[in-house]
Number of protein chains: 2
Amino acid sequence: MTEISVIGGGSWATALVKILTENKVRVFWYLRRQVQVEALNDEGINPDYLSFVKLDTNYLQASTDLNLVLQQASTILFVVPSAHFPSLCSTIDPNLLQGKKIITSIKGTVGEDNVLPSAFVAQHFGVEAYRQAVLAGPCHAEEIGMGKKTYMTICSANDSFLQQLRPCFSSRYLAINLHTDLCGIEYAAIYKNVVGLVCGMAKGLNYGDNFMAVLVSNAIYELQLLLEALHVSENRIACSSYLGDLLVTAYSPHSRNRSFGELIGRGYSVEQTQNAMSMVAEGYAATQGLYQTAKDLGLNMPIINTAYRVLYNHMAVTSEFKLLERNII
Amino acid sequence: MTEISVIGGGSWATALVKILTENKVRVFWYLRRQVQVEALNDEGINPDYLSFVKLDTNYLQASTDLNLVLQQASTILFVVPSAHFPSLCSTIDPNLLQGKKIITSIKGTVGEDNVLPSAFVAQHFGVEAYRQAVLAGPCHAEEIGMGKKTYMTICSANDSFLQQLRPCFSSRYLAINLHTDLCGIEYAAIYKNVVGLVCGMAKGLNYGDNFMAVLVSNAIYELQLLLEALHVSENRIACSSYLGDLLVTAYSPHSRNRSFGELIGRGYSVEQTQNAMSMVAEGYAATQGLYQTAKDLGLNMPIINTAYRVLYNHMAVTSEFKLLERNII
């Protein structure tokens, strides 16, 4: 594969474009803002995200014209916040995606029905499973920007697509795991945002390292419960594909979900926190989606319940944590 | 239970004595150094560890006379580094422990045969399983000193002993899990020290948060493999009893195993590192014990192998990590 259209201009999109262009894959790149597009085409720098990274302009063509970018390559990579994905898709003519392969790296449930990104793409554009792939893994964009060693999971039911994608993303600092459990990997990527939020709340409430470890241990269990209920439990969950991003988000100071949760834990309201942060915290929407999913599946997931009650029912975070303390082991 | 003899004077012992004395359990406490004993009896302060904690001297009687302390209560709690445990035990007359109940909180394999602390107590003193208990959990002593919320696991095959011990340790900031899987809990407590060392090495080698998450994900898998091989796998591993201490040690800057590993990662030799640190890093001895155990069980455990080859075979840490990178997913 030598060409990919990338849709989305955030830090994770920028990190992925860095890898692709280093691997001499030509990237057609849709971003919303003209100032980003110009800085990228002129100097290979995204002024808004990972601006310390200089991208190779020989392999890069940015544009604010979504339809144009979608036409330019036969593989499309969507890297946008889940909350914006439905409105973005509503502006796309489904005919433009006919026969194309779609990769998503969207870490949240989509739309009012809380469907997985891959399921949304299937429903909305009629893209079959063999034309889809998902990217996941412990992927803090900043570290990819710095070329620090990490692992990425590429997931698809289509083995030849996996084999095509591997060399596009593999590099000296990036080990690639190939995987077929699209649904499980997507749920793990979504759930980890809720964990990040709740760990942030714990930090904001001044809990220590010991409690954080209890929280994360129980989060791993909740994820396991969820994946078992979704019948994907035969897989090894203790690997970077499922737990990598969960652990990064729970522990890394870079995480925006954790920062969001920390402000909530310190007593700010959801509205104040949303105003204070310029980035979207995926965990906010993911909480609602997964709360509903857990309810539908009849699962008791105390960490998700805590996030939901604090963020959506506006319960006091201190008393919800007292309740949580009693519901984890 | 109203009286316990505590053997060992480090930070974890001090934290446990804090909890016990707060719960009005009378503590007879053996410490090696006279200056510690005097400061504790006079002012309730251990000058060497957690010196910010003021213990209640009404419930405390410290002494450098081991035999005296062993005679004073019918329940003995051993909280010493695993490396010192055999030599300590060799000075104890087994008759002194006749009929007594023994609790251990020793996070390493013991002696040249690398046996579990509880097994060593059984062999050396003829103490049956129903007279034994083990303490575990995510237990950074400093946070217990500060009264920060945490969870502790008390483990015994004897339910009435568990019920007796619960009120001795339960408190406002300490939730108690009772457990019967002594062997699995002990192995988890030992293995986590090796993980702490290897995470420290990664930090010293300047790996980032992403890689650390990959490492810890794989560590959870290694622990699972080990526990399955030991036939304790029917238990829920994703809880604070098994993973709590592993996560604290892997991520907390307080961890001495992590500090030890970090110096190794930065290029210091084992000898230089041992000289630079005044505390014993349990992980050093645990590495040898678990390496042998994994070998005996025929398990492939890349994280343990890495620790062993660096610490005992004196292989270069950089090249061992390149190898490790390829052996984890």
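Because the structure is predicted, anything quoted here is derived from the model rather than measured. (Residues numbered from 1 in each chain as written. Chains lettered and ligands numbered in written order. Predicted model: local features only at pLDDT ≥ 70, side-chain atom pairs only at ≥ 80, totals over all residues. Heavy atoms only, no water.)

## Brief notes about the domain arrangement of chain A
Residue and element names in this part refer to chain A. Annotation of chain A at the domain level lists domain 1 (3-180) and domain 2 (184-327). Distance between the C-alpha centres of domain 1 and domain 2: 25 Å. Taken together, the contacts link 27 residues of domain 1 with 26 residues of domain 2. When the two sides are added together, the surface that domain 1 and domain 2 hide from each other amounts to roughly 2100 Å², 60% of it contributed by carbon and sulfur. For the pair domain 1 and domain 2, the interface holds 1 salt bridge. Across the pair Lys-107 and Asp-245 runs a salt bridge whose closest N-O atoms are separated by 2.8 Å. Across the contact surface, domain 1 and domain 2 share 8 residue pairs in polar contact (both at pLDDT 80 or more). (Domains from an automatic or database assignment. Contact = heavy atoms within 4.5 Å. Buried area = accessible area lost by both parts, 1.4 Å probe. Salt bridge = Lys/Arg side-chain N within 4 Å of Asp/Glu carboxyl O. Polar contact = N/O pair within 3.5 Å; in protein donor to acceptor, adjacent residues only side chain to side chain.)

## Section: the relation of the copies chain A and chain B
Mapping chain A onto chain B calls for a screw motion: a turn of 180 degrees about the axis and a shift of 0.0 Å along it, with 0.0 Å RMSD after fitting. Here the transformation between the copies is reduced to the relation of a two-fold axis. No C-alpha of chain A lies nearer the rotation axis than that of A:Tyr251, which sits 3.8 Å from it. The overlap is high: 100% of the interface residues of chain A also sit at the interface in chain B, so the same surface is used on both sides. (Least-squares fit on C-alpha atoms with pLDDT ≥ 70 in both.)

## Points about the sheet that holds strand β3 (residues 60-63) of chain A
All names here are of chain A. The mixed open sheet is built from 8 strands, whose spatial order is β3-β2-β1-β4-β5-β6-β7-β8. Two strands bound the open sheet, and with one partner strand each, they are β3 and β8 (174-179). Taken pair by pair, the neighbouring strands of this sheet meet at an average axis angle of 20 degrees, ignoring direction. Across 4 bridges, the pairing between strand β4 (residues 75-78) and strand β5 (residues 101-104) is parallel. (Pairing = 2+ DSSP bridges. Helix = DSSP H or I, 4+ residues; strand = E, 2+ residues; numbered from the N terminus. Axes fitted to C-alpha atoms, helices over the stretch in contact; angles between N-to-C directions.)

## Describing the UniProt feature "active site" (unreviewed entry) in chain A
Residue and element names in this part refer to chain A. The positions UniProt marks with the feature "active site" (unreviewed entry) are Lys-192. Within the secondary structure, Lys-192 is located in helix α8 (residues 182-204). On the basis of relative accessible area, Lys-192 is assigned to the buried category, the value being 5%. The residues contacting Lys-192, other than those within four sequence positions of it, are Lys-107, Asp-245, Leu-246 and Thr-249. (UniProt positions renumbered as here; feature names shortened; annotations may be inferred. Buried < 20%, exposed > 50% of the residue type's maximum accessible area, 1.4 Å probe, protein only.)

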